[in-house]
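# Close look at the chain arrangement
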Amino acid sequence: MKFMCVFKKELRLYFGSFIAYSLMTAFLILTGYFFYTDMVFFDLFGDFMDITSSLWTYYFLDLRFVTMLILPLLTMRLFAEEKKLGTIELLWTYPLKDPHIILGKFFACCFIFFLMVFLTLAYPLLLSTVHQFDWGPPLAGYVGTLLLGATFIACGMFISSLTENQVVSAMSTYGLLVFFWFLTWNEEAIGTQVIGVVSQFSLFDRFQDFAKGVINSKDIVFFLLMTLFFLYLTLQSLESRKWRGIR
Amino acid sequence: MITVENVTKRFGPLLAVDQISFHVPRGEVVGFLGPNGAGKSTTMRILAGFFPPTSGHATVGGLDVVTQTHRVKQMVGYFPERVSVYPDLPVRSFLDFVAEAKDVPRRERKQEIARVIEACGLDKVSDRIIGHLSKGYRQRVGIAQALVHKPEVLILDEPTIGLDPEQVVEIRRLIRDLGADRTVIISTHILSEVSTVCDRVIIINGGRILASESLTELRAQLQRTRRLQVEVEGPESAIRGLLEQMPRVETVRSLELGVRGPESNGSAAFIVEYTGEDIRKEVSRALLQQGWGLLEIRALELTLEDMYLQLVQQSNGTGAGVYLAPATLVAE
Ligand SMILES: Nc1ncnc2c1ncn2[C@@H]1O[C@H](COP(=O)(O)OP(=O)(O)OP(=O)(O)O)[C@@H](O)[C@H]1O
Ligand SMILES: [Mg+2]
């Protein structure tokens, strides 16, 4: 439980510097706007289609997009700021182990992200007051969103551990996430055999089933493994100071 | 308490610390002296467990800094050279985090934080955001951070730089007090700090140790050797010969003309090092007997600065440059 002190410190920093508030506000405004437009669409075509394919799928794909926009801004400071301020020198000379530091930071970001996502539950709740629907598909979508977000956070944290510049950190995270997205964008360019392999690793394609209201244990495992993979890379990146000898 | 054996640290091609070895017994306050880039901070970082040495062996309290880093970190309080604090946290929350990170039991945390706040004179600002404090106060927060959980070994990298004089005295007293039952390593550029705070001084340059001497030893040595500056009108080599033959004189060096200003044309000036009683009377009598004009004779105090500069410049190969401007050196 040693990571709790880092966890608490990160939350104090996020809420103390208004980063958390401003990102939450942006997240809620964007997701609210998308929910509204998706609702309008559902209102027009909902009579011909079921609610999952006409509302939830669109909504969760939009949520995925907003998540991709917001999370790099949340994770960019994780290690970059510590390096810039020199506070990494404190963390590394306190009796804290690298996994404590990494988990503390990771869970702090997850906490904030889960809080944001939790607040968006207000939209379906509002809808449920005027329209009866089955909660299964949207809940599946939310599970997927949380898993996807955790993976993005681990990815952003890894990139933040590589630089001491927050802007570079955020831009590179966008770069990597967009790369994961475009991995399967153009099937013709890559070729159908390759796409079969590549799409296995596309964070964005994996999310499709969740958006359609289906929870696949394979997909859950995939996201958890990806998250662990990036956490492991972060650990390696921190440990590299021992042989590289730089800050 | 601390042993360092043949420790080397490389940054790529750069050799920052080169095969240094020293030992610090429990309860000693050691001062690291050395010019910029000497390798002081690098050595301290190795001892604090920040990064391992490239080669060599270092132990703190009998624990190896490489294989038992975690336990070393529990024992060491470290104040980094770059004052590192979270500007967005209030002083108290920051120290709260530090106490938790350093495994201070929950029950004792409040008391421990109050103790370091008091010790570093932070009472008035304890609820303010660190980023809004003045530099000196941020520095004190940095020192407070190192003191949390009463570490047995304190490693303070230039702790008094940027503090107001009153606080400097305060912090030095604090270090002295802590040094009574703890091992302290401080690095500094202020030589008088070494003589007020330290039991021993280690002088480093170019990653190597030039001297490691106890302060009592050093003082005795400084008192043993005395110096005179003499300016005489007459034949330089003859004067030198005479001075060298005086009893108890150890060395005679010429002072270069340019340094003494334009009015000294036709005269020669020397620095005479000797031991024992004042020999100004004998020197002046001997010179006057030869019929040379004695323009100036003056005792120079040999200070820690002189010794330091002499050592460093010798190791840099710039020779006896220390003798060029002795007056300014004594000023401190
Ligand atoms: N992280 C690093 N990466 C590369 N080189 C470094 C690093 N840290 C220190 N150095 C180099 O190692 C040498 C010793 O540096 P160090 O910081 O130990 O000097 P110092 O004695 O503390 O000097 P100062 O009095 O200026 O604080 C310097 O040449 C410095 O440039
Ligand atoms: Mg230094």
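Just so it is clear, the model here is predicted, and its values are computed rather than measured.

### Describing the coordination of the magnesium ion (ligand 2)
All names here are of chain B. On the protein side, the magnesium ion (ligand 2) has Ser41 (OG) and Glu81 (OE) as donor atoms, found 1.9 to 2.1 Å from it. Of this pair, serine 41 sits in helix α1 (residues 40-47) while glutamate 81 is found in the loop between β6 (76-79) and α3 (91-101), placing the two residues 40 residues apart along the sequence. For serine 41, a relative accessible area of 14% translates into the label buried. For glutamate 81, a relative accessible area of 41% puts it in the partly exposed group.

### Concerning the site of ligand 1
Near ligand 1 there are 16 residues, and of these B:Gly37, B:Lys40, B:Ser41, B:Thr42 and B:Glu81 occur at the shortest range. Lying at an intersection of chains, ligand 1 is approached by residues of chains A and B. Here an oxygen atom of ligand 1 sits 2.5 Å away from a polar atom, N or O, in the side chain of B:Thr42. Between B:Glu81 and ligand 1, the recorded distance is 2.4 Å, taken from a side-chain N or O atom to an oxygen atom. Contact with the protein chains hides 72% of the accessible area of ligand 1, taken as 640 Å² for the molecule alone. Counting only elements with at least two residues in the shell around ligand 1, the list comes to β2 (14-24) and α1 of chain B. Ranked by residue count, the leading element in the shell around ligand 1 is α1(B), at 3 residues. When its residues are assigned to classes, the shell around ligand 1 shows 6 nonpolar, 7 polar and 3 charged.

### Digging into the confidence of the model for chain A
Averaged over all residues, the pLDDT of chain A is 89; the fraction at 70 or higher stands at 91%. Mean pLDDT in chain A bottoms out at helix α10 (residues 187-190) of chain A, which sits at 60, and peaks at helix α6 (residues 98-120) of chain A, which reaches 97.

What counts as what
- Residues numbered from 1 in each chain as written.
- Chains lettered and ligands numbered in written order.
- Predicted model: local features only at pLDDT ≥ 70, side-chain atom pairs only at ≥ 80, totals over all residues.
- Heavy atoms only, no water.
- Donors = N, O, S within 2.8 Å, 3.2 Å for Na, K, Ca; no water.
- Helix = DSSP H or I, 4+ residues; strand = E, 2+ residues; numbered from the N terminus.
- Buried < 20%, exposed > 50% of the residue type's maximum accessible area, 1.4 Å probe, protein only.
- Near = heavy atom within 4 Å.
- Polar contact = N/O pair within 3.5 Å; in protein donor to acceptor, adjacent residues only side chain to side chain.
- Areas by Shrake-Rupley, 256 points an atom, 1.4 Å probe, with all protein chains shown as cover.
- Nonpolar A, V, L, I, M, F, W, Y, C, P; charged D, E, K, R; others polar.
- pLDDT = per-residue confidence, 0-100.

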